[in-house]
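So you can see what is in the structure, the chains are spelled out below.
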Amino acid sequence: MNAWVHLDTGLVPGGGKNLALMQRGSEFSIVVGTIELMNSTRGSSEEALASLTCARLSHRPAARVLIGGLGMGFTLRAALRNLGPDARVVVAELVPAVAAWARGPLAPLFDGSLDDPRVELRETDVNRLIQSEAGGWDAILLDVDNGPEGLMRKANNRLYDEWGLKRAEWALKPGGTLGVWSGSPDRKFKARLQRLGFTVEEVRLPASGSSGPRHVVWIATRP
């Protein structure tokens, strides 16, 4: 089997840890230290985040969708497959290197999705976009860090605490949907969503097809 080759390193702004892009044959991996954050062969749960959320937007042909976290493009590609031609998708990516990799070594994974006229990529903190507009989004999808239990950057936790969820609710249109990906279950986070009035569906599914570690997707609907 081919050995992993280190391709590049990306610095997480704001005192976060360094990310490393690795390649082994046609397989890619993004790691922080010895922990793998994402792998090009395991993206089923990220795709489910988008497909489950966008399924609730079929009655909104011109839906505005905000995606926090570009990653390897699994969420973005699935969102585009499930949205109409008049939808608009804004992707917020905090790490410049991740955005550069998407147009560089990872371009085949993205399959031209960043060139879709419905897509706008912004190199910024998704929290800024959430706070910038009241009732502006039909859906917000968060695939930031490792979910509510962050690994890379402490500041990411503010997306998932009570105030962060209140900001997301404020930014959603009535009946809008907040989709959240997590590497592991979190009962406290689910309870927090329910306490704030969201109607919550929790889905647990493998990272790849029918195998791999179990990830969690929460689909929370604003009243």
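Preceding this section is the structure that the text describes.
Because the structure is a prediction, the values reported are computed rather than measured.

Rules of the game
- Residues numbered from 1 in each chain as written.
- Predicted model: local features only at pLDDT ≥ 70, side-chain atom pairs only at ≥ 80, totals over all residues.
- Heavy atoms only, no water.
- Helix = DSSP H or I, 4+ residues; strand = E, 2+ residues; numbered from the N terminus.
- Rg over C-alpha atoms; globule rule 2.2 N^0.38 Å.
- Buried < 20%, exposed > 50% of the residue type's maximum accessible area, 1.4 Å probe, protein only.
- Contact = heavy atoms within 4.5 Å.
- Areas by Shrake-Rupley, 256 points an atom, 1.4 Å probe, with all protein chains shown as cover.
- Lys, Arg positive; Asp, Glu negative; His and termini not counted.
- Charge placed at Lys NZ, Arg CZ, Asp CG, Glu CD.
- Phe/Tyr/Trp six-rings, centres within 6.5 Å; stacked < 30°, edge-to-face > 60°.
- Lys NZ or Arg CZ within 6 Å of the ring centre and 35° of its normal.
- 1 Å grid on protein atoms, 1.4 Å probe; cavity = no way out; pocket = protein on both sides within 12 Å on 5 of 7 lines; lining within 4 Å.
- Points joined across faces, edges and corners; volume = space filled by probe spheres on them.
- Nonpolar A, V, L, I, M, F, W, Y, C, P; charged D, E, K, R; others polar.

Participant: Please give an account of the overall build of the chain that cites residues and values.
Facilitator: Within the chain one finds 7 helices and 11 strands. What you see for the chain is a C-alpha radius of gyration of 16 Å, in line with the 17 Å of a compact globule of 223 residues. Dimensions along the principal axes, computed over C-alpha positions, put the chain at roughly 50 × 35 × 35 Å. Out of the 223 residues belonging to the chain, those deemed buried represent 52%. Taking the intrachain contacts of the chain between residues at least 6 apart in sequence as the baseline, contacts between residues at least 24 apart amount to 67%. Surface exposure of the chain reaches about 10,000 Å², of which carbon and sulfur atoms provide 50%. Charged side chains in the chain number 27 positive and 24 negative. The centres of these two groups are separated by 5 Å.

Participant: Please provide a residue-by-residue account of helix α3 (residues 96–103), values included.
Facilitator: In an α-helix, one turn spans 3.6 residues; hence positions three or four apart end up facing the same way. For α3, the complete set of buried residues consists of Ala97, Val98, Ala99, Trp101 and Ala102. Lining the buried residues of α3 we find β1 (5–11), β2 (18–24), β3 (27–32), α4 (107–110) and β7 (119–122).

Participant: Could you give an account of the packing of aromatic side chains, naming the residues involved and the relevant values?
Facilitator: What the rule picks out here adds up to 2 aromatic pairs. Between the aromatic rings of Tyr160 and Phe189, the centroid separation amounts to 5.8 Å while the plane-to-plane angle is 75°, which identifies the pairing as edge-to-face. Within this pair, whereas Tyr160 is found in the loop between β8 (137–142) and α6 (162–171), its partner Phe189 is found in helix α7 (residues 187–195), the two being separated by 29 residues in sequence. Residue Tyr160 shares its accessibility class with Phe189, and that shared class is buried. Every member of this aromatic cluster is reached through a ring pair, and the members are Tyr160, Phe189 and Trp218. Its guanidinium or amino end placed over the ring of Trp163, Lys166 lies 4.6 Å from that ring's centre, counting from NZ or CZ.

Participant: Got a sec to walk through the environment of Tyr160? Specific residues and values, please.
Facilitator: Judged by relative accessible area, Tyr160 falls into the buried class, the value being 1%. Placed 18 residues apart in sequence, Tyr160 and Leu142 show a C-alpha to C-alpha distance of 9.5 Å. Ignoring any residue separated from it by four or fewer positions in sequence, one finds Tyr160 in contact with Leu142, Val144, Gly147, Pro148, Leu165, Val180, Phe189 and Arg192.

Participant: Could you give an account of empty space enclosed by the protein, with specific residues and numbers?
Facilitator: Applying the stated criterion across every chain, the model contains 2 cavities of 30 Å³ or more. In this structure, the second largest cavity occupies an estimated 60 Å³ of space. As for the second largest cavity, its lining consists of Met38, Glu46, Gly69, Leu70, Gly71, Met72, Gly73, Phe74, Thr75 and Asp143. When its residues are assigned to classes, the lining of the second largest cavity shows 4 nonpolar, 4 polar and 2 charged.

Everything listed is a geometric property; what it means functionally is a separate question.
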